[in-house]
Amino acid sequence: MQLGEMPWPEVKELDKEKLVPVYPIASFEQHGPHLPLGSDYHQAVWMADETARRFTDRNPAWTAVRFPPLPIGTDELPLPGSVNTPPRIVYRVVRAFGDQLARAGFRYVMLTNAHGGPRHAAALEAASRVVSRRRGIAMFTPSIRALYQLT
């Protein structure tokens, strides 16, 4: 399910105890002359959709909804088309997002990330930990573990 295509009364009726919002967050940057600027962005969306599908296939009582993706990241090279955001801003945006979801009653939040920038991944992880601790929810980014294994 894509949250951006759902009217708010339908979202309100979802069982937040068995709901996992999945939020793709990745950079918008160059990857050489042969790949699109949105490579990380598109991969994060795919990871969100595929993770949600696999999770709900294995846990049919649960619902996963994908938020619209956020094209934000840090550690991008200063080349035409790349958008670089300081790590502290990535952290603040993700933390504000998590705070709002917690206030809205969501108990779980998953972030997907396909960008390999270490400060980007660290900002997502730090924001997830702070929101989880302060708001009493489980906000996590499994992508950092997958990316770490590739390095």
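Please refer to the structure placed before this passage.
Keep in mind that this is a model prediction, so the values were computed, not measured.

**So, the pattern of salt bridges**
Then comes step 1: Counting across every chain of the model gives eight salt bridges.
Then comes step 2: As a salt-bridge pair, Arg-107 and Glu-17 come within 3.1 Å of each other at their nearest N and O atoms. Pair noted here: Arg-107 is in the loop between helix H3 (87–103) and strand E4 (108–112) and Glu-17 is in the loop between helix H1 (8–12) and strand E1 (19–26), with a separation of 90 residues, a long-range link.
Then comes step 3: Among the residues examined, Glu-17 registers a relative accessible area of 45% and is labelled partly exposed.
Then comes step 4: The residue Glu-50 makes a salt bridge to Arg-54 at a minimum N-O spacing of 2.9 Å.

**Thoughts on unusual backbone geometry**
Note on backbone geometry: most residues besides glycine have negative phi, and most peptide bonds are trans.
Then comes step 1: The phi dihedral of Asp-75 is positive, around 75°, even though this residue is not glycine.
Then comes step 2: Looking at the secondary structure, you find Asp-75 in the loop between strand E3 (70–71) and H3.

What counts as what
- Residues numbered from 1 in each chain as written.
- Predicted model: local features only at pLDDT ≥ 70, side-chain atom pairs only at ≥ 80, totals over all residues.
- Heavy atoms only, no water.
- Salt bridge = Lys/Arg side-chain N within 4 Å of Asp/Glu carboxyl O.
- Helix = DSSP H or I, 4+ residues; strand = E, 2+ residues; numbered from the N terminus.
- Buried < 20%, exposed > 50% of the residue type's maximum accessible area, 1.4 Å probe, protein only.

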